[in-house]
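Per-entry structural report
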Amino acid sequence: MKIVIQRVSKASVTIEGEKVAEIQNGLLILLGIINEDTQEDIKWLSNKVTNLRVFNDDEGVMNNSIKDIDGDIITVSQFTLHASTKKGNRPSYIKAAKPDVAIPLYEKFVQQLEVDLGKKVQTGQFGADMKVELLNDGPVTIIIDSKDKK
């Protein structure tokens, strides 16, 4: 699993003109899934996200996690995170898991985040044409791949 985490002052997801998710202070997570991803990847990544210290403490130092600030999360599926651009100019998405594999893993990731965070996680809709708006705070953007735990 590969994620792009963005610390946001606000974020929302709109599908066909309807706002389906909206948060203020928190994280927007873009999630890409491959066939080799497992429950171990889900647990490791969720733990990493919910304990990642990317929010400022009283001294302005990034010492607080999403749990410390009681922040919110929106998670959006994004198969394009696994794009290969090695050949030509048209990206290949061959590494991205097909919906029959990706949807259950996406749902399990969201469920694990809710357990680790201790509250509901908002989402987009898998496979939908989503309009994602965000105000990146910092900016802070971090990429984490569960296959690269070094």
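Residues numbered from 1 in each chain as written. Predicted model: local features only at pLDDT ≥ 70, side-chain atom pairs only at ≥ 80, totals over all residues. Heavy atoms only, no water.

As annotated in an unreviewed UniProt entry, the protein carries the name D-aminoacyl-tRNA deacylase and comes from Tenacibaculum singaporense. Note on the protein: under the UniProt heading Subunit (unreviewed entry), the record states "Homodimer." (UniProt positions renumbered as here; feature names shortened; annotations may be inferred.)

Along the chain, Ser 65 falls in the loop between β5 (62-64) and β6 (72-77). With residues up to four places along the chain from it excluded, the contact list for Ser 65 reads Thr 50, Asn 51, Leu 52, Arg 53 and Phe 55. (Helix = DSSP H or I, 4+ residues; strand = E, 2+ residues; numbered from the N terminus. Contact = heavy atoms within 4.5 Å.)

It is worth spelling out helix α2 (residues 99-117) at this point. Between its first and last C-alpha, α2 extends 26 Å over 19 residues, near the 27 Å set by a 1.5 Å rise per residue. What α2 keeps buried is the set Ala 102, Leu 105, Tyr 106, Phe 109, Val 110, Gln 112, Leu 113 and Leu 117. Seen end-on, α2 carries its buried residues on one side only, within an arc spanning 165°. Along α2, the residues that are exposed and aim more than 90 degrees away from the buried face are Asp 100 and Val 115. A positive phi of about 85° marks Gly 118, the residue just after α2. (Expected span 1.5 Å × (residues − 1). Buried < 20%, exposed > 50% of the residue type's maximum accessible area, 1.4 Å probe, protein only. Arc of directions from axis to C-beta.)

This part covers the pattern of salt bridges. According to the stated counting rule, one finds 9 salt bridges in the structure shown. Between Asp 72 and Lys 119 there is a salt bridge whose closest N-O contact spans 2.9 Å. Here Lys 119 lies in the loop between α2 and β7 (122-123) and Asp 72 lies in strand β6, a separation of 47 residues in the sequence. One salt-bridge network, held together by shared partners, links Asp 37, Asp 41 and Lys 147. (Salt bridge = Lys/Arg side-chain N within 4 Å of Asp/Glu carboxyl O.)

You can see His 82 is positioned in the loop between β6 and α2. The exposure class assigned to His 82 is buried, which follows from its relative accessible area of 7%. Apart from the residues within four sequence positions on either side, His 82 is in contact with Lys 2, Gly 32, Ile 33, Ile 34, Ser 92, Lys 95 and Ala 96.

What follows concerns the packing of helix α1 (residues 39-51) against α2. In contact at an axis separation of 9 Å, α1 and α2 are set at 40° when each is read in the N-to-C sense. By the angle class used here, α1 and α2 are oblique. Taken as a pair, α1 and α2 cross one another with a handedness that is right-handed. Each of Gln 39, Ile 42, Lys 43, Leu 45, Ser 46, Asn 47, Val 49 and Thr 50 in α1 lies in contact with α2, whose residues at this interface are Leu 105, Lys 108, Phe 109, Gln 112, Leu 113, Asp 116 and Leu 117. Within the contact of α1 with α2, the residues separate by chemical class into 7 nonpolar, 5 polar and 3 charged. (Axes fitted to C-alpha atoms, helices over the stretch in contact; angles between N-to-C directions. Parallel < 35°, antiparallel > 145°, perpendicular 65-115°, else oblique. Left-handed = near helix turned anticlockwise from the far one by under 90°. Nonpolar A, V, L, I, M, F, W, Y, C, P; charged D, E, K, R; others polar.)

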